[in-house]
Amino acid sequence: MTATLNPETSGDLPTQDLRISEFGAQKALAILAQSGKENAGVRVFIKSGGCSGYQYGMAIDDRELEGDTIVVDRGVKLLVDRMSFPLLRGSEVDFVENMMGGGFTVHNPNATSSCGCGHSFRTDGAQSPDGQGSGGCGSH
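Residues numbered from 1 in each chain as written. Predicted model: local features only at pLDDT ≥ 70, side-chain atom pairs only at ≥ 80, totals over all residues. Heavy atoms only, no water.

- An unreviewed UniProt entry annotates the protein as Iron-sulfur cluster assembly accessory protein originating from Deinococcus metallilatus.

### Side note on the packing of aromatic side chains
Centre-to-centre distance and the angle between the planes together describe a pair of aromatic rings.
Argument step 1. One pass over the structure, following the stated rule, counts two aromatic pairs.
Argument step 2. Note on Phe23 and Phe95: the rings are 5.8 Å apart at their centroids and 75° apart in plane angle, and the pair reads as edge-to-face. Of this pair, Phe23 sits in helix α1 (residues 22-35) while Phe95 is found in strand β7 (residues 92-98), placing the two residues 72 residues apart along the sequence.
Argument step 3. Among the residues examined, Phe23 registers a relative accessible area of 33% and is labelled partly exposed.
Argument step 4. Ring centres of Phe95 and Phe104 lie 5.0 Å apart, and the angle between their planes is 85°; on these two criteria the pair is classed as edge-to-face.
Argument step 5. Note on Phe104: relative accessible area 25%, which makes it partly exposed.
Argument step 6. Here the aromatic cluster, defined as three or more aromatic residues joined through ring pairs, consists of Phe23, Phe95 and Phe104. (Phe/Tyr/Trp six-rings, centres within 6.5 Å; stacked < 30°, edge-to-face > 60°. Helix = DSSP H or I, 4+ residues; strand = E, 2+ residues; numbered from the N terminus. Buried < 20%, exposed > 50% of the residue type's maximum accessible area, 1.4 Å probe, protein only.)

### Brief notes about the nonpolar core
Argument step 1. Ile20, Val42, Val44, Val76, Leu78 and Leu88 are the most contacted members of the largest nonpolar core, which totals 20 residues.
Argument step 2. Of all elements in the fold, only α1, β3 (41-48), β4 (54-61), β6 (76-80) and α2 (85-88) reach the threshold of two or more residues within this core.
Argument step 3. In this structure Ile20 touches Ala25, Ala28, Asp73, Arg74, Val76, Leu78, Glu92 and Val93, once residues within four positions along its chain are discounted. (Core = buried A, V, L, I, M, F, W, Y, C linked by side-chain atoms within 4.5 Å. Contact = heavy atoms within 4.5 Å.)

### Details of the pairing of β6
Argument step 1. Extensive coverage of β6 is indicated by the burial of five of its five residues.
Argument step 2. Side chains Val76, Leu78 and Val80 project from β6 onto one buried face, and the interleaved Lys77 and Leu79 project onto a second face that is buried too.
Argument step 3. Across two bridges, β3 lies against β6 in parallel orientation. Bridge assignment links Val42 to a residue of β6, and that residue is Leu78. (Pairing = 2+ DSSP bridges.)

### A word on the confidence of the model for the protein
Argument step 1. Taken residue by residue, the protein gives an average pLDDT of 78. The fraction at 70 or more is 66%.
Argument step 2. Predicted confidence for residues 9-15 stays below pLDDT 50, and this span has three contacts to residues more than four positions away or in other chains.
Argument step 3. pLDDT under 50 marks residues 125-140. Its contacts with residues more than four places away, or in other chains, come to 28 contacts. (pLDDT = per-residue confidence, 0-100.)

### Examining α1
Argument step 1. For α1, built from 14 residues, the straight-helix expectation of 20 Å at 1.5 Å per residue is met to within 8% by its first-to-last C-alpha distance of 20 Å.
Argument step 2. Along α1, the residues that are buried comprise Gly24, Ala25, Ala28 and Leu32. All buried residues of α1 lie within an arc of 95° about the axis, which places them on one face of the element. Opposite the packed face of α1, turned more than 90 degrees from it, sit the exposed residues Ala33 and Gln34.
Argument step 3. Contacts from the buried residues of α1 go to β2 (19-20), β3, β4, β6, β7 and β8 (101-107).
Argument step 4. A positive phi of about 75° marks Gly36, the residue just after α1. (Expected span 1.5 Å × (residues − 1). Arc of directions from axis to C-beta.)

Here is the structure:
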């Protein structure tokens, strides 16, 4: 079963669901428009690895998979698999620009620690899952 949440139209949704910032939505919509994939969204996922235990991943995806949670926020469809959603609940996808360039980032209230690169995090102060994640910031 696939769950669909639409924060823009449903005022009774809990605030802990996934969101995208205004600037992140502008960037995502521009990228999606250039992708050539009809009805595509941004798949946000978590995978084991990185220097803190888990890594964020994002990709353009035009598939809705069994068990996905689909959140439509600011006109952007965010797709999250069932394993990643609990770790991402309450997070905000954003786009940041700095002197080193720009890119998408995730502001995650579930992260108890993260590495300096901002692409890797841990949720409970424990060791990385499955013994993975001992690589440095360059391992993403």
